[in-house]
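A structural walkthrough
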Amino acid sequence: MSARSLVHGHAAGPVLKLDDPLSFWGGFDSASGKLIDRFHPQHGACLSGAILFMARGRGSSSGASVLAEAIRLGTAPAAIILLEDDAIIATGALVAQMLYGIDCPVAAIGDPAEWHSLSALPRLAIEAGPDAVRITQPA
């Protein structure tokens, strides 16, 4: 697998693939876990507990604090799998891990075909470590 671990950890859950990038700042409600950007194709979707696939983040560096708060509240995605590295998303997950001891692994898969194939599965588990990322279908 061509995945890179941006934030270490492990998680499992249902897969949710976003059709467009998301800005956590202004596009996501950390209190409810819902996508609130009214122009986003998946407006109203709940991201809580999902293995979230999105090509990349969009927008403000303030999104890191929104993601960290959602992780603290338990309303964040269980993990985030990107096509491109995203420092803002990684920072939010890393800050939450350091401050609250809660994992929200973040990985980037550089191969679009592999990313699309995994995003079509109903459930996944991810183990993102310093040397490797392992993504599997739980039993």
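First, a word on scope: everything that follows refers to the structure included in this document. In this numbering scheme, every chain counts its residues from 1 along its sequence in written order. Whole-chain, interface and lining totals are the exception, using all residues; otherwise, since this is a predicted model, local features are given only for residues with pLDDT of at least 70 and side-chain atom pairs are given and counted only at 80 or more. In computing side-chain values, all of the structure's heavy atoms are included and hydrogens and water are not.

1. Observations regarding the side chain of H40
Runs of H or I in DSSP of at least four residues are treated as helices and runs of E of at least two as strands, each being numbered from the N terminus. Along the chain, the position of H40 falls in the loop between strand 4 (34-35) and strand 5 (51-54). Type-normalised accessible area, obtained with a 1.4 Å probe on protein chains alone, sets the label of each residue: buried when under 20%, exposed when over 50%, and partly exposed for intermediate values. What makes H40 buried here is its relative accessible area of 4%. In the analysis that follows, any N or O atom pair within 3.5 Å is treated as a polar contact, provided that within protein one partner can donate a hydrogen and the other can accept it, and provided that, for residues neighboring in sequence, both atoms belong to side chains. Here Q42 takes part through its backbone nitrogen, which lies 3.0 Å from a polar atom of the side chain of H40. In this analysis, two residues are considered to be in contact whenever any of their non-hydrogen atoms come within 4.5 Å of each other. Beyond its immediate chain neighbours, meaning those up to four positions away, H40 contacts L18, D19, D20, P21 and L35.

2. Let's talk about helix 3 (residues 87-100)
Here helix 3 spans 19 Å end to end across 14 residues, near enough to the 20 Å set by a 1.5 Å rise per residue. Regarding helix 3, the residues found buried are I89, A90, G92, A93 and A96. Down the axis, helix 3 shows its buried residues gathered within 160° of arc, on one side only. Across helix 3 from its buried face, at more than 90 degrees, point the exposed residues A87, M98 and L99. Capping the start of helix 3 is the job of one residue whose side-chain oxygen sits 3.0 Å from the backbone nitrogen of I88: D86. Following helix 3 by one or two positions, G101 adopts a phi angle in the positive range, close to 70°. A helix's residues, less one, multiplied by 1.5 Å, set its expected span. The arc in question is the one spanned by the directions pointing from the helix axis to the C-beta atoms.

3. Side note on the packing of aromatic side chains
To pair, rings of Phe, Tyr and Trp, with the six-membered ring standing in for Trp, must have centres within 6.5 Å; the planes then decide the type, stacked if under 30 degrees apart, edge-to-face if over 60, and tilted in the middle. Per the stated rule, a full pass over the model turns up two aromatic pairs. When the ring of F24 is compared with that of F28, the centres are 5.3 Å apart and the planes differ by 75°; the resulting orientation is edge-to-face. Residues F24 and F28 agree in their burial class; the two are buried.

4. Some remarks on empty space enclosed by the protein
With a probe scaled to a water molecule rolled over the atoms, the places where space remains empty come into view. Within this scheme a cavity is a closed region of a 1 Å grid, computed over the protein atoms alone, that accommodates a 1.4 Å probe without allowing it to escape, whereas a pocket is open but has protein on both sides within 12 Å along at least five of seven lines; lining residues each have an atom within 4 Å of a point. Grid points are joined across faces, edges and corners, and a volume is the space filled by probe spheres set on the points. Taken as a whole, this structure holds one cavity of 30 Å³ or more when the rule is applied. Estimates place the volume of the largest cavity at around 70 Å³. In terms of lining residues, the largest cavity is bounded by 13 residues, among which L22, F24, R58, S60 and I88 are the most central. The set of elements that each furnish at least two residues to the lining of the largest cavity consists of helix 1 (24-27), helix 2 (63-73) and helix 3. For this classification, the nonpolar set comprises Ala, Val, Leu, Ile, Met, Phe, Trp, Tyr, Cys and Pro, the charged set comprises Asp, Glu, Lys and Arg, and every other residue, Gly included, is treated as polar. Looking at the lining of the largest cavity residue by residue, the class counts come to six nonpolar, five polar and two charged.

Don't take any of this as a statement about function, it's just geometry.
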